[in-house]
Amino acid sequence: NEWSSRLWASDSLDRGMEHILDAAMELVSADMGNVQLRDGPVLRFAAQRGFGPDFVHFFSEVFETDDSGCGRAWRSRRTVVIPDIETDEACAPYRAIARSAGYAALVSMPLLSRTGDVMGVVTVQFKQAHEPPEPDLRRMELYVRQGSDFLQRQQLEEQLREGDRRKNEFLALLAHELRNPLAAISSGLQVLTLAHADAGARTRTVGILNRQLGHLVRLVDDLLDVSRISRGKIELRKESVDITTVLQRAVETTRSLLESAGHRLELDLPSTPITVEADSVRLTQVFANLLNNAAKYTPRGGTVTVSTERSPGQVAVTVADNGIGIEPDKVASVFEMFTQIDHALDMAQGGLGIGLSLVRALVALHGGTVEAFSEGSGKGSRFVVKLPAMD
């Protein structure tokens, strides 16, 4: 029909949401309405018709536990009809805003994905107490189902675009990271071929070549590890190991980087052994990556702390720093592939920005979890790894 054609011809998510709302209102002869899309733990407005700023502010964030019509539709994953807000006991907290906005009845329908997840809620309101006829509700439900398909397609396309953007950024960063050591190696080889180069110059050049070759090897190793994990090809050689031993090895691996940056390292290790079943090489890699990350994003002369906490059946290891911190909107994405905390700083100090992605994958293979915490820019970061501990 005409509404379906308009919906699928929409050139943006916003335009599609407006078409969904307009069609829903027409199908049940509603006076006003709104579409709210899920943003993590809340619903937020994507489109609305007939409401002022007070209403929009009041319902700017709706939680699944709320007893508003949209909250109930989210919680139940079913259509919610409230014929009269004045007689609906659960609507008591919302009567004042409903009167102010000028509606007395509503219908809320969830936008469900094909797997049953709630992506949003469509709500239409009526100025008078009213319950739409069943045929009208069925037509609205059929259209909202089409709206769900449209929304899911839009979200998938956006994920593909975002993934493609991150991949392009990653490839540009990879080219930059490879160019630098290759340029240094090329220059060094030219020095070694000069007949008049003295022994001191040759020795210094060999040192440069070794360092740059080591940098290239680390880049390739990281790339190979990511590839193996994504294909499920990494095999862990698990054994009973003391977490203190693992942490000491990680510290030794990164000590030169920490010292060259003038950082102070504070260790708070357990006084008694805490045994975990793990691949000691891979677990050492986890904490070495976290220490490298702390060293990289902490200005010279900072402090990096490693501490442990034992609880029944679990050990938590925290790697903290007083560095540049992480913006609140980026904390959740720091473990994602092709994501860097700060592109300019990462490019200046080296690295592909995939170390944290490796950390998350390797910790998961050990049956553990890792979380990032930061109070914001300039306030440092904390990474907490939780692993099953053996009794």
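This structure is a prediction, so every number in the text was calculated from the model and none was measured. (Residues numbered from 1 in each chain as written. Predicted model: local features only at pLDDT ≥ 70, side-chain atom pairs only at ≥ 80, totals over all residues. Heavy atoms only, no water.)

Asker: Where do I start with the overall build of the protein chain in this structure?
Answerer: The helix and strand inventory of the protein chain stands at 11 helices and 13 strands. The C-alpha atoms of the protein chain give a radius of gyration of 28 Å, which is well past the 21 Å a tight globule of 391 residues would have. Principal axes of the C-alpha set define a box for the protein chain whose edges measure 95 × 55 × 40 Å. In the protein chain, which comprises 391 residues, the share counted as buried stands at 44%. At a minimum sequence separation of 6, the contacts of the protein chain that also span at least 24 residues come to 66%. Accessible area for the protein chain stands at about 20100 Å²; split by element, carbon and sulfur atoms hold 51% of it. Charge separation in the protein chain, taken as the distance between the mean sites of 43 positive and 52 negative side-chain charges, equals 5 Å. (Helix = DSSP H or I, 4+ residues; strand = E, 2+ residues; numbered from the N terminus. Rg over C-alpha atoms; globule rule 2.2 N^0.38 Å. Buried < 20%, exposed > 50% of the residue type's maximum accessible area, 1.4 Å probe, protein only. Contact = heavy atoms within 4.5 Å. Areas by Shrake-Rupley, 256 points an atom, 1.4 Å probe, with all protein chains shown as cover. Lys, Arg positive; Asp, Glu negative; His and termini not counted. Charge placed at Lys NZ, Arg CZ, Asp CG, Glu CD.)

Asker: Looking at this structure, how should I read the sheet that holds strand β1 (residues 32-39)?
Answerer: Two orientations exist for strands paired in a sheet by backbone hydrogen bonds: parallel and antiparallel. The strand order across the open sheet built from six strands is β3-β2-β1-β6-β5-β4, with neighbouring strands paired in antiparallel fashion. The strands lining the two open edges of the sheet, one partner per strand, are β3 (62-63) and β4 (80-82). The pairing of β4 with strand β5 (residues 105-112) spans three bridges and is classified as antiparallel. Bridging across to β5, V81 finds its partner in V107. On the sheet, helix α2 (residues 13-27) packs against β1, β2 (42-49) and β6 (118-126) and is oriented at approximately 70° with respect to β2. (Pairing = 2+ DSSP bridges. Axes fitted to C-alpha atoms, helices over the stretch in contact; angles between N-to-C directions.)

Asker: What should I look at first to understand the state of the cysteines in this one?
Answerer: In a disulfide, the sulfur atoms of two cysteines are held together by a covalent bond. Evaluation of the coordinates by the stated rule reveals zero disulfides. Of the cysteine sulfurs around C70, a residue in no disulfide, the closest is that of C91, at 10 Å. Relative accessible area serves as the criterion here: at 7%, C70 is assigned to the buried category. Judged by relative accessible area, which is 3%, C91 ranks as buried. (Disulfide = S-S within 2.5 Å.)

Asker: Would you mind showing me how to read unusual backbone geometry here?
Answerer: Note on backbone geometry: most residues besides glycine have negative phi, and most peptide bonds are trans. If you check the backbone angles, S29 has positive phi at about 55° while not being a glycine. Secondary-structure assignment places S29 in the loop between α2 and β1. For R77, which is not a glycine, the phi torsion comes out positive at approximately 60°. Within the fold, R77 resides in the loop between α4 (69-76) and β4.

Asker: Would you take a moment to explain the environment of E371 for this structure?
Answerer: Here E371 shows up in strand β12 (residues 369-373). Exposure remark for E371: the relative accessible area of 40% places this residue in the partly exposed category. Between the alpha carbons of E371 and H57 there is a distance of 32 Å; along the sequence they are 314 residues apart. Non-local contacts of E371, meaning those with residues more than four positions away in its chain, are made with F335, R382, F383 and V384.

Asker: Can you walk me through the side chain of T123 in this structure?
Answerer: Along the chain, T123 turns up in strand β6. Exposure remark for T123: the relative accessible area of 4% places this residue in the buried category. In this structure, T123 is in contact with L21, G33, N34, C70, L106, V107 and S108, ignoring residues within four places of it in sequence.

Asker: Can you walk me through the packing of aromatic side chains in this structure?
Answerer: Aromatic ring pairs: the centre-centre distance and the angle between the two ring planes describe each pair. The final tally for this structure, using the stated rule, is 10 aromatic pairs. Summarising the aromatic geometry, the rings of F58 and F59 are spaced 4.9 Å apart at their centres and angled 70° between planes, so their arrangement reads as edge-to-face. Owing to a relative accessible area of 40%, F58 belongs among the partly exposed residues under this scheme. Classification of F59 by relative accessible area gives buried; the value is 6%. Ring centres of F59 and Y94 lie 6.0 Å apart, and the angle between their planes is 25°; this geometry places the pair in the stacked category. (Phe/Tyr/Trp six-rings, centres within 6.5 Å; stacked < 30°, edge-to-face > 60°.)

Asker: Just to check I follow, could you spell out the side chain of D321 for this structure?
Answerer: The residue D321 is located in strand β11 (residues 314-321) in this model. Within the buried set, D321 has no salt-bridge partner at all; the shortest N-O distance to an opposite charge, 9.7 Å, is to R382. Among the polar contacts made by the side chain of D321, one reaches the main-chain amide nitrogen of G323 at a distance of 2.8 Å. Setting aside its immediate chain neighbours within four residues, D321 contacts A294, T298, T303, V304, G380 and S381. (Salt bridge = Lys/Arg side-chain N within 4 Å of Asp/Glu carboxyl O. Polar contact = N/O pair within 3.5 Å; in protein donor to acceptor, adjacent residues only side chain to side chain.)

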